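# Fold and geometry: a report
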Amino acid sequence: AQKVTQAQTEISVVEKEDVTLDCVYETRDTTYYLFWYKQPPSGELVFLIRRNSFDEQNEISGRYSWNFQKSTSSFNFTITASQVVDSAVYFCALRGSWAGSYQLTFGKGTKLSVIP
Amino acid sequence: DTGVSQDPRHKITKRGQNVTFRCDPISEHNRLYWYRQTLGQGPEFLTYFQNEAQLEKSRLLSDRFSAERPKGSFSTLEIQRTEQGDSAMYLCASSVSLGGKGPNYGYTFGSGTRLTVV
């Protein structure tokens, strides 16, 4: 069985602060894919990043960065110099490589509020 | 192509009525998924199509739920004899193989249909 845990239910930060959203996953698959999605109040899930389990290089995209630690089964997401537009619910998700299964398993999400 | 489209955006129905939702995926995506999201929770997988074949169904998909993708393009999700517990956001997503790169190499979600059963 696969599981994604996002222990932080809600986080509030003041604009321009850095914030890290935690994600811990469980899977028996040796190859798997990890995702982060942003869900603004409008409801649409916006794709942020996909990480393959066999690629442990960390990634930076503008103010966003991701830290993949296979040893601790974590895939944390950091927003640098947060902005009000970053306010949303952020979901971490996992897809295994079991043949024929393409479903994503999501965490419960972390609601980020950036206060001006 | 403007992404995954879902219709309607909102649906209010009386308990016991049937409802049907539509999803139009990104045209070159051969895989289509339905998820359900309740308040304060992450999306939960319901079912998955590859072209017109329904290949995977969650145990969440009771016999009151049926999904189709008749020509491998758009899909419909029907809920018969709706119950108050069916109130949720129903999300559709589409994808291509994860082996490639590019803007659509992940899962692209639509804006969802919010169902309220009264």
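Right above here is the structure, for reference.
Residues numbered from 1 in each chain as written. Chains lettered and ligands numbered in written order. Predicted model: local features only at pLDDT ≥ 70, side-chain atom pairs only at ≥ 80, totals over all residues. Heavy atoms only, no water.

## Digging into the interface of chain B and chain A
- Between chain B and chain A, the residue contacts involve 23 residues of the former and 20 residues of the latter.
- Here chain B meets chain A over a buried area of about 1900 Å², counting both sides, of which 52% is carbon and sulfur.
- If you look at where chain B meets chain A, you find zero salt bridges.
- The tally of links between chain B and chain A comes to six residue pairs in polar contact (both at pLDDT 80 or more).
- Counting residues per element, the side of chain B that touches chain A draws most heavily on strand E4 (residues 31-37) of chain B, which supplies four residues.
- Across the side of chain B that touches chain A, the residue classes break down as 10 nonpolar, 10 polar and three charged. (Contact = heavy atoms within 4.5 Å. Buried area = accessible area lost by both parts, 1.4 Å probe. Salt bridge = Lys/Arg side-chain N within 4 Å of Asp/Glu carboxyl O. Polar contact = N/O pair within 3.5 Å; in protein donor to acceptor, adjacent residues only side chain to side chain. Helix = DSSP H or I, 4+ residues; strand = E, 2+ residues; numbered from the N terminus. Nonpolar A, V, L, I, M, F, W, Y, C, P; charged D, E, K, R; others polar.)

## Regarding the environment of A:Asp22
All names here are of chain A.
- Along the chain, Asp 22 falls in the loop between strand E3 (19-21) and strand E4 (24-26).
- Between the C-alpha atom of Asp 22 and that of Thr 78, which follows or precedes it by 56 residues, the distance is 8.7 Å.
- If we skip the residues at most four places from it in the chain, Asp 22 touches Thr 5, Gln 6, Gln 8, Trp 36 and Asn 76.

## Regarding the pairing of strand E9 (residues 74-79) of chain A
All names here are of chain A.
- Along E9, five of the six residues are buried, which leaves the element largely enclosed by surrounding structure.
- The sheet contact formed by E3 and E9 spans three bridges and is antiparallel. Each bridged residue has a counterpart across the sheet, and for Thr 20 the counterpart in E9 is Thr 78.
- In this sheet, E9 lies alongside strand E8 (residues 64-69) in antiparallel orientation, the contact comprising six bridges. Of the residues in E9, the one forming a bridge with Ser 65 is Thr 78. (Buried < 20%, exposed > 50% of the residue type's maximum accessible area, 1.4 Å probe, protein only. Pairing = 2+ DSSP bridges.)

## Brief notes about the sheet that holds strand E7 (residues 65-68) of chain B
Residues and elements named next belong to chain B.
- Across the sheet, which stays open at both edges, the four strands sit in the order E1-E3-E8-E7 with antiparallel pairing between neighbours. The open sheet has two edge strands with one neighbour each: strand E1 (5-7) and E7. Across this sheet, the average inter-strand angle for adjacent strands is 15°, counted without regard to direction.
- As defined by bridge partners, strand E3 (residues 19-24) adjoins strand E8 (residues 75-79) across five bridges and the pair is classed as antiparallel. By the bridge assignment for E8, Phe 21 is matched with Leu 77. (Axes fitted to C-alpha atoms, helices over the stretch in contact; angles between N-to-C directions.)

## Structural notes on the state of the cysteines
- Here the structure, examined in full by the defined rule, presents two disulfides over all chains.
- Paired by a disulfide, A:Cys23 and A:Cys92 hold their sulfur atoms 2.0 Å apart. Residues A:Cys23 and A:Cys92 are joined by a disulfide whose S-S torsion is about -65°; by sign, that bridge is left-handed. Of this pair, A:Cys23 sits in the loop between E3 and E4 while A:Cys92 sits in strand E10 (residues 88-96), and the two are 69 residues apart along the sequence.
- For A:Cys92, a relative accessible area of 0% puts it in the buried group.
- One disulfide bridge connects B:Cys23 with B:Cys92, the sulfur atoms lying 1.9 Å from each other. Across the S-S bond linking B:Cys23 and B:Cys92, the dihedral sits near -70°, which makes this disulfide left-handed. Here the residue B:Cys23 occupies a position in strand E3, and B:Cys92 occupies one in strand E9 (residues 88-95), the gap between them amounting to 69 residues. Like B:Cys92, B:Cys23 is buried. (Disulfide = S-S within 2.5 Å.)

In short, geometric facts, not functional conclusions.
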